[in-house]
Amino acid sequence: MNLNTWRLLILTYNYFMGMKTDPTLKLEQAFWKEGFSIVAGLDEAGRGAWAGPVAAGAVILPRAEDISEKLKGVRDSKRLTPRQRERLFSVIQRHVLSWGVGFASNIEIDGYGIVPATKLAMKRAISQLIPSPQALVIDAVQLKTVALPQLSVYFGDSISLSIAAASILAKVSRDRWMIATETRYPDYGFASHKGYGTRKHQIGLKVCGTCEIHRLSYKPIKAQLSSC
């Protein structure tokens, strides 16, 4: 089955399914059959947050028959508890061929926009991979400036095992960053909500205003600044 056929199947699958299935190696295998043996999966975390960086994970899985069993439980990071993500973070690092995590700061998000900043974080994650990938499978993003064959699929973290693994690496790495930031900015509750627009975060903004890791280009933050 060639890659164009896979693209059509993915579109159909995304339309009709509820995206609650466990991820498989079918997308990776489509590339393997085309002769691309080193395939990286990519996903991001933190696009919707009001503060902090956006993170991207990149994972290359080995072409081992037991890799699905070794990564049992790996799925879309949003379907896992924090404790499950932390456990699987170590499992992924131990069993994959290569992995990387890249960040783009709130300053870069404000300067470039969230989509370009997300792509920048993904390219930084890819740059950490050894060996370098020959093809990419990506959750809902196209990296047109990266000269590699790639499949961009919606709900990729529910379809592809390598994308799901990347989503966990990105989420855990970003959460750890936000938790560490709590000591510098204790009035916002970053350790609990990780920069998203919760009630606690909103109260912190009303009382303290913004801090240097807030995304000033985001509408809720702009509204906060205009009300001061």
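Conventions and cut-offs
Residues numbered from 1 in each chain as written. Predicted model: local features only at pLDDT ≥ 70, side-chain atom pairs only at ≥ 80, totals over all residues. Heavy atoms only, no water. Pairing = 2+ DSSP bridges. Helix = DSSP H or I, 4+ residues; strand = E, 2+ residues; numbered from the N terminus. Axes fitted to C-alpha atoms, helices over the stretch in contact; angles between N-to-C directions. Contact = heavy atoms within 4.5 Å. Buried < 20%, exposed > 50% of the residue type's maximum accessible area, 1.4 Å probe, protein only.

Undergrad: Can you help me understand the sheet that holds strand β5 (residues 150–153) in this one?
TA: Backbone-to-backbone hydrogen bonds join strands into a sheet, with any given pair of strands oriented parallel or antiparallel. Read from one edge of the open sheet, 5 strands run β3-β2-β1-β4-β5, paired in mixed fashion. Single-partner strands in this sheet number two, and they are β3 (98–104) and β5. Going from strand to strand, the sheet's axes swing by 15 degrees on average, the running direction of each strand aside. Looking at chain direction, strand β1 (residues 39–45) and strand β4 (residues 135–139) are connected through 4 bridges and run parallel. Across the sheet, the residue bridging to Val39 is Ala135, located in β4. Its contacts with the sheet place helix α6 (residues 114–127) against β1, β2 (54–60), β3 and β4, and it is angled at close to 40 degrees to β2.

Undergrad: Can you walk me through the environment of Val39 in this structure?
TA: Residue position: Val39 is located in strand β1. We classify Val39 as buried; its relative accessible area is 2%. Linking Val39 and Ala135, residues 96 residues apart in sequence, is a C-alpha distance of 4.9 Å.

Undergrad: What is the right way to look at the side chain of Arg85 in this model?
TA: Examined against the element boundaries, Arg85 turns out to sit in helix α4 (residues 82–95). Judged by relative accessible area, which is 8%, Arg85 ranks as buried. If near-sequence neighbours (up to four positions away) are discounted, Arg85 is found in contact with Ser77, Leu80, Ile168, Lys171, Val172 and Asp175.

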